[in-house]
Amino acid sequence: MKMGITCIPGDGIGPEIVAEAKKVLNKVCSVYGHEMEFTDVLMGGASIDAYGKPLTDETIDKCKQADAVLMGSIGGNTSTSPWYKLEPSLRPEAGLLGLRKSLNLFANLRPAFLYPELADACPLKEETSDKGFDLLIMRELTGGLYFGDRFTEEVDGELVATDTLVYKESEIRRIAIKAFDVAMQRSKRVTSVDKANVLDSSRLWRKVVEEVAADYPEVELSHMLVDNCAMQLVKDPSQFDVVLTENMFGDILSDEASMITGSIGMLPSASLNESSFGLYEPSHGSAPDIAGMDIANPIATILSAAMMLKFTFKLEKEAESIENAVKKALKDGYRTVDLIRSGENIAEDKKCGCSKMGDIIASRIE
Ligand code: NAD
């Protein structure tokens, strides 16, 4: 297969981790007989430095022309970087929000998986982490509270702030369909998370999700209130497969889910639109504190590349070859510094920088 990928290396550790993902993808292409063409573009701080704005029309066009976008991370140190002295619409993050909007990326997928080799880093009780977990949060990304009208006005001599939470049936239906489609490729269970005991938007959410569920008789649907879900994620995350939820609930729950894996450098993500197109990026930021030191963990970006093969190109075997190579590298004892707990004894030859971890994983692709 011929694949055209637009890459946004971005800022901080972005260029280092994207280079390792490309290394692994090139190995997959040589083992499985595919062709992949990468086109690098600027966004975020790098684009501000070059063009005075975080996102240019050229970058948007190059992303639209590609089959998929692979991104590192954007942004700098928010206290010291001159990028954060600019007005909000010119800061690095505005570029990412603008790109998501231009590409209509309404579905955000964040898997949270506990690797047995890293279970010690899981902050949950041992009897909980021993069970392991493998869940995926499907978050609606372009509607709800973050995109509704908001304003602050003076009423009866005091300031009153209003944010509105709006969902259309069509917006709920399309994200629910994505969740059920993904569940069909996993353990066929969807937990839809809402606040239907209070919110009208949640009651509509529940109704539409149930309508969509009728088209997927093999998938088991359950509903859970968001406050309960926040508790259940730390009590017994092994009960979840796909967690489907709206924008703000998903924002909070996906960060909670990432924390219980114990390692921010391991978590990939995908943002999809109606077609097979997607933007794939690690869940972490640009880690400016360790940029340029060759110590970043490239695994989240490498696993994002695996998601790209699975969701955009439907190359299941190839995606699994990356996931298995990551598991083997961990099983063989290789660790980047973020995966080493204080006091843990790791042989010198098993300690990895970013580039060495990329080499180790690429060499295990089969
Ligand atoms: P961060 O995720 O960049 O870093 C938090 C901590 O985790 C740091 O100590 C960092 O060194 C460490 N870390 C992160 N990724 C790592 C990796 N792959 N390997 C090893 N250690 C890693 O979060 P932050 O410091 O709050 O944000 C830094 C910048 O990133 C900010 O400008 C922020 O806005 C931006 N950001 C961008 C995105 C994105 O591009 N989607 C997401 C989150 C944050």
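Residues numbered from 1 in each chain as written. Predicted model: local features only at pLDDT ≥ 70, side-chain atom pairs only at ≥ 80, totals over all residues. Heavy atoms only, no water.

Caption draft 1: Geometry of the domain arrangement of the protein. Its domain assignment divides the protein into domain 1 (1-113 + 264-366) and domain 2 (123-260). Just the C-alpha atoms count here: the centres of domain 1 and domain 2 sit 25 Å apart. Contacts between the two partners involve 20 residues from domain 1 and, on the opposite side, 19 residues from domain 2. With both chains or domains summed, domain 1 and domain 2 bury close to 1,700 Å², and 59% of this area falls on carbon and sulfur atoms. Summed over the shared surface of domain 1 and domain 2, the result is two salt bridges. Applying the counting criterion to the domain 1 and domain 2 interface returns six residue pairs in polar contact (both at pLDDT 80 or more). Within the residue set of the side of domain 1 that touches domain 2, elements represented by two or more residues are strand 4 (107-113), strand 11 (268-272) and helix 10 (299-311). The element contributing the most residues to the side of domain 1 that touches domain 2 is strand 4, with seven residues. (Domains from an automatic or database assignment. Contact = heavy atoms within 4.5 Å. Buried area = accessible area lost by both parts, 1.4 Å probe. Salt bridge = Lys/Arg side-chain N within 4 Å of Asp/Glu carboxyl O. Polar contact = N/O pair within 3.5 Å; in protein donor to acceptor, adjacent residues only side chain to side chain. Helix = DSSP H or I, 4+ residues; strand = E, 2+ residues; numbered from the N terminus.)

Caption draft 2: Just the packing of helix 11 (residues 316-331) against helix 12 (residues 354-363), in detail. At a minimum axis separation of 8 Å, helix 11 and helix 12 run at an interaxial angle of 115°. The two elements helix 11 and helix 12 cross, and the hand of that crossing is right-handed. Along the contact surface, helix 11 presents Ala325, Val326 and Ala329, while helix 12 presents Met357, Ile360 and Ile361. (Axes fitted to C-alpha atoms, helices over the stretch in contact; angles between N-to-C directions. Left-handed = near helix turned anticlockwise from the far one by under 90°.)

Caption draft 3: A look at the environment of Glu344. Along the chain, Glu344 falls in the loop between strand 13 (335-336) and strand 14 (351-352). The class of Glu344 is partly exposed, set by a relative accessible area of 27%. In this structure, the C-alpha to C-alpha distance between Glu344 and Glu323, residues 21 residues apart in sequence, is 25 Å. (Buried < 20%, exposed > 50% of the residue type's maximum accessible area, 1.4 Å probe, protein only.)

Caption draft 4: Molecular detail of the site of the ligand. Among the 22 residues in the neighbourhood of the ligand, the closest are listed as Gly76, Glu93, Gly285, Ala287 and Asp289. At 2.9 Å, a side-chain N or O of Tyr84 approaches an oxygen atom of the ligand. Glu281 has a polar side-chain atom sitting 3.1 Å from a nitrogen atom of the ligand. Here the ligand has 810 Å² of accessible area as a free molecule, and 70% of this is covered by the chains. Among the secondary structure elements, those contributing two or more residues to the shell around the ligand are strand 3 (68-73) and helix 4 (92-102). Looking at side-chain class alone, the shell around the ligand contains 10 nonpolar, eight polar and four charged residues. (Near = heavy atom within 4 Å. Areas by Shrake-Rupley, 256 points an atom, 1.4 Å probe, with all protein chains shown as cover. Nonpolar A, V, L, I, M, F, W, Y, C, P; charged D, E, K, R; others polar.)

Caption draft 5: Highlighting the packing of helix 1 (residues 14-32) against helix 10. Here helix 1 crosses helix 10 at 45°, and the two axes come no closer than 8 Å. Compared by their axis directions, helix 1 and helix 10 come out oblique. For the crossing formed where helix 1 meets helix 10, the hand is right-handed. Across the interface between the two elements, Ile17, Val18, Glu20, Ala21, Val24, Leu25 and Val28 of helix 1 pack against Thr301, Ile302, Ala305, Met308 and Leu309 of helix 10. (Parallel < 35°, antiparallel > 145°, perpendicular 65-115°, else oblique.)

Caption draft 6: Representation of the environment of Ala196. Looking at where Ala196 falls in the secondary structure, it is placed in the loop between strand 8 (189-194) and helix 7 (200-213). Taking the relative accessible area as the measure of exposure, Ala196 reaches 11% and is therefore buried. What Ala196 contacts, discounting residues up to four positions off in sequence, is Ser202, Arg203, Arg206 and Leu225.

Caption draft 7: The arrangement of the nonpolar core in detail. Residues Leu109, Met138 and Leu309 are the most contacted members of the largest nonpolar core, which totals 66 residues. Of all the elements, helix 10 adds the most residues to this core, at nine residues. Each of domain 1 (1-113 + 264-366) and domain 2 (123-260) gives at least three residues to this core. Not counting the four nearest positions on each side in its chain, Leu109 is found in contact with Leu136, Ile137, Met138, Val182, Pro268, Ser269, Ala270, Leu272, Met307 and Phe311. Ranked by size, the runner-up nonpolar core spans 19 residues in total, among them Ala119, Val193, Leu233 and Phe249. (Core = buried A, V, L, I, M, F, W, Y, C linked by side-chain atoms within 4.5 Å.)

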